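Geometric and topological summary
Spelled out, the chains give:
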Amino acid sequence: MKWKKVLLSAAAALILTLQSAGAAYASQPSVPHASAVSSSESVSAADPAVSDASETGSSDTSSSEYTEGEEDMTYMGMTMQDSDSASEFNLHGSAAKSTATIRSSSCKTLNGIDVSHWQGTINWKKVAAAGIQFAVIKATGRGCYKSSKGALYTDGKFAANMKGAISAGIPVGVYCFSAAITEAEAIAEANYTCDKIAGYNVSLPVFIDYEYENNSEKEYRLNNGASVRTRTNIIDAFCRTVAARGYTPGVYANDSLLASTVDGASLAKKYTMWVASHSPAIHYYSGVYDMWQYSSKGTVDGISSGSSTDLDYWYKPASSSNSTTAMYRLYNPFSGEHFYTANRSERNHLREIGWEYEGVAWYAPTGGTEVYRLYNPNAGDHHYTANAAEKDYLVTVGWRYEGVGWYSADSDGTPLYRDYNPNAVSGAHNYTTSESEHETLIQKGWRAEGIGWYGI
């Protein structure tokens, strides 16, 4: 049977042409506000957050030793518009030409809000009846002044808002008002936030709210002259930590910041993007996005504290659901193989027998293009492919077909880079959403084989 082993080895290196990674995006659909939701916009807009004028405590990176900052309810404002928003807000006017593109070419547009303690006590049943279909709730933050100790805190209405929204049947995500100036601080913020949301059904992303103005608000920590790369790495560290904790990570920022202060385009390749632009359209950022905060001056039934409310659209992919499938990644230190599975029992068993768990690698849709899983009984290696012809060929040369492992999103989703190690027998292929990991492997002699499939 030597010929079969030769074919098996050859099959491990087989590179079949994959579908090109082109992306098609929809223009912004015309969706009216829910009848009980209204918006008016002026030049001055602000995202509600809590500052730390009188906080105490430290920013220890240990998730079990955080000191809560005292919340001084100072209003933290940030201007996100320019002169084209001075007139009455008109989402569907002739000037509404966006520089950005919705990620999914086939999506549903859902009406949502984002809230914090600034909205006071919310009647979530009325909010649901008003037509609100999702909510992003402030969970945590860090003291934002340069003169502060940068302590972490929990929003004063976090627990009440989470319980109320979930009880009313509204899907929720959360955000952390970040003031991280190092990757270590961002990791601490992510762990702190994930600790706080444990036990809640968080079906939307955990966002890092990253706000910065280049020529104003000089008293804030983030206005420290850091480079685009440094800021981008800080956001990436938060998101990677959130993913490792089993949640979907996301990035919130205004369109100007995403265009000039951080590398928004690269972040959009890996994470859910929530863009703030309180103008007729997003007109600085030119990447893809999943959510749009289009107003900070909305009124919603059930919120009657006197404070205005942020209004958002979520362009939900038509094939997705509120809960996606977490894909776990494990590493065998003896064979060098990386293994991917959606099965928690399988993940737990492999950990028990010595595999190293490396966290959630990506999130897969619950339907779409099938990704096949195969096993090489001679090399002890697994292989994954969305190419039916490749799957069929490997079966003819002795690989065992183990069924559909998961599903791929459309080509406008998050790419999983496929790389091949010509010097390995087991663990010859690696799949990752990380561009840096992909590029590092190529530098070390791996061969780029394109994109294996797409996540959400």
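As a reminder, the structure under discussion sits directly above these lines.
The rules behind each value
Residue numbers restart at each chain and count upward from 1, following the sequence in its written direction. The model is predicted, so local features are restricted to residues of pLDDT at least 70 and side-chain atom pairs to those at 80 or more, both for listing and for counting; the totals for chains, interfaces and linings are taken over all residues. As a rule here, side-chain values come from all non-hydrogen atoms in the structure, and water together with hydrogens is ignored. Two strands are counted as paired when DSSP detects at least two bridges linking them. Where helices and strands are cited, they refer to DSSP runs of H or I of at least four residues and of E of at least two residues respectively, numbered from the N terminus. Helix axes use the C-alpha atoms of the stretch in contact, all axes being lines fitted to C-alpha atoms, and the angles between their N-to-C directions lie in the range 0 to 180 degrees. Residue contacts follow a heavy-atom distance rule, with two residues in contact if any of their heavy atoms lie within 4.5 Å. With a 1.4 Å probe rolled over the protein chains alone, any residue whose accessible area is under 20% of its type maximum counts as buried; one over 50% counts as exposed, and the rest are partly exposed. Two rings from Phe, Tyr or Trp (for Trp, the six-membered ring) form a pair when their centres sit within 6.5 Å of each other. Planes less than 30 degrees apart are called stacked, planes more than 60 degrees apart edge-to-face, and all others tilted. Only lysine NZ and arginine CZ atoms are considered, and such an atom sits over a ring when it is within 6 Å of the ring centre and within 35 degrees of the ring normal.

1. Notes on the sheet that holds strand S22 (residues 429–432)
The sheet built from three strands is open, its strands ordered S22-S21-S23 with antiparallel pairing. A strand with exactly one partner marks an edge of an open sheet, and here the two such strands are S22 and strand S23 (447–455). On average, each strand axis in the sheet is inclined to that of its neighbour by 25°, with strand direction left out of account. In this fold helix H10 (residues 435–443) packs onto strand S21 (414–420), S22 and S23, with an angle of close to 15° to the strand it touches most, S21.

2. Re the side chain of Asn430
Here Asn430 is to be found in strand S22. Judged by relative accessible area, which is 2%, Asn430 ranks as buried. Residues within four places of Asn430 in sequence aside, it is in contact with Arg329, His338, Tyr340, Tyr417, Arg418, Asp419, Glu437, Leu441 and Trp446.

3. With respect to the pairing of strand S19 (residues 381–385)
Counting buried positions over the five residues of S19 gives five, a clear majority of the element. The side-chain alternation of S19 yields two buried faces, one formed by Asp381, His383 and Thr385 and the other by His382 and Tyr384. Direction of pairing for strand S18 (residues 369–376) relative to S19: antiparallel, over a ladder of five bridges. Across the sheet, the residue bridging to Tyr372 is Thr385, located in S19.

4. Concerning the packing of aromatic side chains
As enumerated under the stated definition, the model contains 24 aromatic pairs in all. Between Tyr340 and Tyr431, the ring centres sit 5.7 Å apart and the planes meet at 85°, which makes this aromatic pair edge-to-face. Of the two residues, Tyr340 sits in strand S16 (residues 338–341) while Tyr431 sits in strand S22, which places them 91 residues apart along the sequence. Judged on exposure class, the residue Tyr340 and its partner Tyr431 are both buried. Three or more aromatic residues joined by ring pairs make a cluster, and in this case those are Phe339, Tyr340, Trp355, Trp362, Tyr384, Trp406, Tyr431 and Trp453. Across the ring face of Tyr357, the terminal group of Arg347 is positioned such that the distance to the ring centre comes to 5.2 Å. One residue, Lys391, lies across the ring of Tyr372, its end atom 4.7 Å from the ring centre.

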